[in-house]
Amino acid sequence: MTAHSQSAVQFDGVNTQFGEAWALRNVSFQLNPGETRIILGAAGSGKTTLLKSVLGLVLPDAGVIRLFDDEVTGKKERDLFLLRAKAGILFQEGGLFDSLTIGENVEYPLVNQQAGHDLTMEEVDRRVREALRFVELEQTIDKFPSELSGGMRRRVGIARAIVTEPPLVLYDSPTAGLDPITANLIMAVIAKERDVRNTASLIVTHRYQDGELMANFRYDSENEQLIPVSDEEQRNPQRTRTRFMVMKDGEIAFVGTKQELESSTDSYVKRFVKH
């Protein structure tokens, strides 16, 4: 299979139980390079479990999970190491190490992943600065996380997630606890990463506005700004790069475009749409 036709993530009939409770139930979906999947749902609906399952941090009781067409389910921990290196992750609240400088935080994946062992320190420094420049925070390289605002720490978390230039990035509540203006800035950076590098994105969020921005805009590299996508592109399932998925009790209650989500008559699904 060529890289062009290769899927980034594929779930096929995935079931996961914690005791008597279903964390994931008959979950099937596919995410391709350059696509975004916005995952909405109530607390405990399976959103974070889904993210962890992508990387083999939670193993399902049944079904198959593939990461870049390589099966995650059934692999031993040591065999998952290189596979996980293909994915960056932004943890809730940014997940930075308080005792490390911003530069040391961002370089952590480069110097601790096997794929980065052949990099010189000059190359590591160049890529760290490039990642921080990407999120417009190169000037913070020698500061500590405690010296930055919450939004700036979240952007540093994005820099760390993308410093290895992974083809897939997982975002766990990237805008939680942030004011609306800062939250939109974070989502603009995520859209930039998707469109500049054709990165696949899985985004767990409680804010419908996060998905709106990803669906309504794309990053124009020539003008270095977000520009609106056409209405036709948003409506056409074959052209849109952003789809929404609503989880309920471990199951997929809805999957579709922004327009399909906004026109849904399902009472549970409608809870996650801001009209």
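Before going into details, it helps to say that this report is about the structure given with it. Model, not experiment: these values are computed from the prediction.

Some details on the sheet that holds strand β6 (residues 87-90)
Point 1. Pairing is mixed in the open sheet, where six strands are placed in the order β6-β7-β8-β3-β11-β12. Only two strands of the sheet have a single neighbouring strand rather than two, namely β6 and β12 (251-256). Across the sheet, the axes of successive neighbouring strands diverge by a mean angle of 15 degrees, strand direction being ignored.
Point 2. Here strand β11 (residues 242-248) pairs with β12 via five bridges, running antiparallel. Opposite V246, over in β12, you have F254 as the bridge partner.
Point 3. Its contacts with the sheet place helix α7 (residues 208-216) against β3 (36-41), β8 (200-204) and β11, and it is angled at close to 155 degrees to β11.

What about the packing of aromatic side chains?
Point 1. For the structure on display, the rule yields four aromatic pairs.
Point 2. With centroids separated by 4.9 Å and ring planes inclined at 25 degrees, the aromatic side chains of F11 and F29 adopt a geometry described as stacked. Here the residue F11 occupies a position in strand β1 (residues 9-18), and F29 occupies one in strand β2 (residues 21-31), the gap between them amounting to 18 residues. F29 carries the same exposure label as F11, and that label is buried.
Point 3. Taking the centre distance of 5.8 Å and the plane angle of 35 degrees together, the rings of Y208 and F244 count as tilted. Of this pair, Y208 sits in helix α7 while F244 sits in strand β11; the two residues are 36 residues apart in sequence, bridging distant segments of the chain.
Point 4. Y208 sits in the buried class, given a relative accessible area of 3%.
Point 5. Here the guanidinium or amino end of R197 rests over the ring plane of F134, the centre of that ring lying 4.9 Å away.

Here we look at the pattern of salt bridges
Point 1. By the definition in use, this model includes 13 salt bridges.
Point 2. With a shortest N-O distance of 3.3 Å, R126 and E130 are connected by a salt bridge. Here R126 and its partner E130 are both found in helix α4 (residues 121-134), four residues apart, which amounts to about one turn of the helix.
Point 3. Given the relative accessible area of 40%, R126 is considered partly exposed.
Point 4. For the salt bridge of E262 with K258, the shortest nitrogen-to-oxygen distance reads 3.4 Å. Here K258 and E262 lie together in helix α9 (residues 258-262), a separation of four residues that amounts to about one turn.
Point 5. For K258, a relative accessible area of 10% puts it in the buried group.
Point 6. Salt bridges sharing common partners tie together E123, R126, E130, E193 and R197.

Thresholds, definitions, all that
- Residues numbered from 1 in each chain as written.
- Predicted model: local features only at pLDDT ≥ 70, side-chain atom pairs only at ≥ 80, totals over all residues.
- Heavy atoms only, no water.
- Pairing = 2+ DSSP bridges.
- Helix = DSSP H or I, 4+ residues; strand = E, 2+ residues; numbered from the N terminus.
- Axes fitted to C-alpha atoms, helices over the stretch in contact; angles between N-to-C directions.
- Contact = heavy atoms within 4.5 Å.
- Phe/Tyr/Trp six-rings, centres within 6.5 Å; stacked < 30°, edge-to-face > 60°.
- Buried < 20%, exposed > 50% of the residue type's maximum accessible area, 1.4 Å probe, protein only.
- Lys NZ or Arg CZ within 6 Å of the ring centre and 35° of its normal.
- Salt bridge = Lys/Arg side-chain N within 4 Å of Asp/Glu carboxyl O.

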